[in-house]
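What follows is each chain in one-letter form.
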Amino acid sequence: MSPDVDTQVVTEPSAPTHPLGSRATVLLTSVFGPYARDDEYGSRAINPMELYQNQVTRAEGPFSLRMFHRSWGLMLIQTNINAPCTLLDFPTLDRFISELKSHEYDVVGISAIVPNVEKVKTMCALVREHLPRATIVVGGHVANVPKLREQAGADHVVRGEGVRWFQRFLGEDATLPIRHPLICSAIGTRTMGIEVKNSGREAAATLIPSVGCPMGCNFCATSAMFGGKGKFINFYETGDELFHVMRGIERRMGVRSFFVMDENVLLHKKRALRLLELMEEHGKAWSLYVFSSARVVQSYPIEQLVRLGISWVWMGLEGKNSQYVKLEGIDTRVLVRTLQSHGIRILGSSIIGLEEHTPDNINEVIEHAISHSTDFHQFMLYTPIPGTALYAEHLANNTLRDPRTYHEGDIHGQAMFRHLHPHIPPGQEAELILRAFRRDFEVNGPSVLRIARTVLAGWRRYRYHPDPCVRNRFAWEARDLVVTFPATLWAARRWFREQNPELAHKLSELLEEITREVGFRARLVAPLAGRFVWSKLRQEAQRLKAGWTYEPPTFYEANAPMRQRRRKWARQASPIHWVAACRPEAC
């Protein structure tokens, strides 16, 4: 698909209207925790509420990047409705029950992914018990589960985009520009035993330009949920609208980097290039962390990507000899190295368990993936998720596993297939994917340190660039070359000296490169600050060995109508904040 191809925009199903309209009180909630443990509700220790630990840095022990991400979809809905609304994010079961007992809600909205379907059923039953007159709405990826409304006892299951659905459901104007919530992209970030600041200019804000993915890969639950191939919903159609929102977020949050939650934001080339024009016109040295297919990335000259501030790309590599159109005719290893040489960090994503994978060729598959030497690497099992084309194919071929032989909580992409694989016997897939993670870590080292080489390459190339915005951005991204990277590399080199001498040598060479470029200060800091990091690293390793797990804090937030309605108790709830989008003609 070319970057400027016309695509069909998915139309949301018509929503019923609640009899109270905007006077209805609304509770939006994520599923209850704790999450990082094995229980009867589908929580799994292997599947915590941590994207990176779960799917990317899983085998990296104390070097793993640990962080949580808020329920962005619920935040977006709450920001864009006028009805009194509270958001309960990451509650415990007791906290959820307490909220139901304490306040009368007319509508309860629950969001979840498929592995948490048992939690959804439990929460629906609790709503029926404590708020029998409330309308229950279920959304998120769990909405793809067949016959969920009947199974969970919900009144409505919303499959797709929920903002406009809720606006129509509450009798509100569904044509207004989308207000963007102020979202810090991560909370509770830590690695090597050290907490990372999640506010101010050191943090990235989440930016959500659209939902859905027009690429339509057969395994993609996101694409399926929003209509499939060629379909998506843009919240901001033009570069002017997007720039207006980003500038508002920058001003309100004090950030200069954005995690762009859009499955293929660069696909909309006209919008991207207009955004570039406005960034240059206003002197914005922003850093953008984006998702993109290899084919779309390659359609831009590298100079445009650099000027646009693309500093991180999450890219599907899928697998050796992949037949996906988005990878057709592209040497992904060359593309990755080219981008890294310009300071663009790459998170590659590979699939374990494609139809042609066997126990005999899986090591070759893994070696091909790790040969990309991406800064981070995600591995996921190729398994059919309800709603996807892959699921429909296996359903038609009668090759889905009997649901009675597994728990839905184990089908999260890291433990087991939902289907009968033609070559890999049931039970082997868990070891194969863990083998991939371990091999990547063994060869390429800690992900949080691989990025140092890419950052160094970008700084070397662009520190004297004639464009002041480009110079400014790369200087800002290179700030960790002086203290953070020398100290962590020093500690990591000591960590691997005996257990992996070859990796320790690689880390030592990288440390020497940095100290040569940065100078005396980095050379002095490395052993001094490195000893502190070494101490924290050992403490973290001991905690994890003892069974330490991480859980996100509970968030309780009220919009203005709810605070006004419940003045007495709403003082305890933090208010929501947003940036108002402009209408196209006003941007």
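Note: the structure precedes this text.
Overview of the structure.

What counts and what doesn't
- Residues numbered from 1 in each chain as written.
- Predicted model: local features only at pLDDT ≥ 70, side-chain atom pairs only at ≥ 80, totals over all residues.
- Heavy atoms only, no water.
- Core = buried A, V, L, I, M, F, W, Y, C linked by side-chain atoms within 4.5 Å.
- Buried < 20%, exposed > 50% of the residue type's maximum accessible area, 1.4 Å probe, protein only.
- Contact = heavy atoms within 4.5 Å.
- Helix = DSSP H or I, 4+ residues; strand = E, 2+ residues; numbered from the N terminus.
- Pairing = 2+ DSSP bridges.
- Expected span 1.5 Å × (residues − 1).
- Phe/Tyr/Trp six-rings, centres within 6.5 Å; stacked < 30°, edge-to-face > 60°.

1. A look at the nonpolar core
Grouped together as the largest cluster of nonpolar side chains are 110 residues, with contacts concentrated most on Phe-166, Phe-258, Leu-266 and Leu-288. Other than its neighbours up to four places away in sequence, Leu-288 contacts Met-246, Phe-258, Val-260, Leu-275, Leu-308, Gly-309, Ile-310, Ser-311 and Trp-312. Residues Leu-88, Phe-96, Ala-154 and Ile-187 belong to the second largest nonpolar core, which totals 38 residues.

2. Details of the environment of Gly-348
Summarising the element assignment, Gly-348 is placed in strand 16 (residues 345-352). The class for Gly-348 is buried, based on a relative accessible area of 0%. Gly-348 has contacts with Met-315, Leu-317, Thr-374, Phe-376, His-377 and Gln-378, leaving out every residue within four places of it along the chain.

3. Section: the sheet that holds strand 9 (residues 194-195)
On the basis of which strands lie adjacent, the open sheet formed by 3 strands has the order 2-8-9 and antiparallel pairing. The open sheet has two edge strands with one neighbour each: strand 2 (66-68) and strand 9. Taken together, the 2 bridges between strand 8 (residues 187-191) and strand 9 define a ladder with antiparallel strand orientation. What sits directly across from Arg-190, in strand 9, is Glu-195.

4. Quick word on helix 9 (residues 269-281)
The terminal C-alpha atoms of helix 9, which comprises 13 residues, lie 18 Å apart, in line with the 18 Å expected from a rise of 1.5 Å per residue. Of the positions making up helix 9, those classed as buried are Lys-269, Arg-271, Ala-272, Leu-275, Leu-276, Leu-278 and Met-279. Looking one or two residues past helix 9, Gly-283 carries a phi angle of roughly 65°, positive in sign.

5. So, the pairing of strand 15 (residues 310-318)
When you tally the buried positions in strand 15, you get 9 out of 9 residues, the bulk of the element. Where strand 14 (residues 287-291) meets strand 15, 4 bridges bridge the pair, whose relative direction is parallel. In the strand pairing of strand 15, Leu-288 is matched with Ile-310. Relative to strand 16, strand 15 is paired through 6 bridges, and the arrangement is parallel. Paired with Gly-316 across the two strands is Ser-349, which belongs to strand 16.

6. Structural notes on the packing of aromatic side chains
Scanning the model with the defined rule gives 24 aromatic pairs in all. With a centroid separation of 6.2 Å and 80° between ring planes, the pair formed by Tyr-35 and Phe-90 is classed as edge-to-face. Separated by 55 residues along the polypeptide, Tyr-35 in the loop between strand 1 (26-30) and helix 1 (51-55) and Phe-90 in the loop between strand 3 (85-89) and helix 3 (93-102) bring together distant segments of the chain. Each ring, one from Phe-291 and one from Trp-314, has its centre 5.2 Å from the other, and the planes form 25°; the classification is stacked. In this pair, Phe-291 sits in strand 14 while Trp-314 sits in strand 15, placing the two residues 23 residues apart along the sequence.

Without other data, these values stay purely geometric and don't point to any function.
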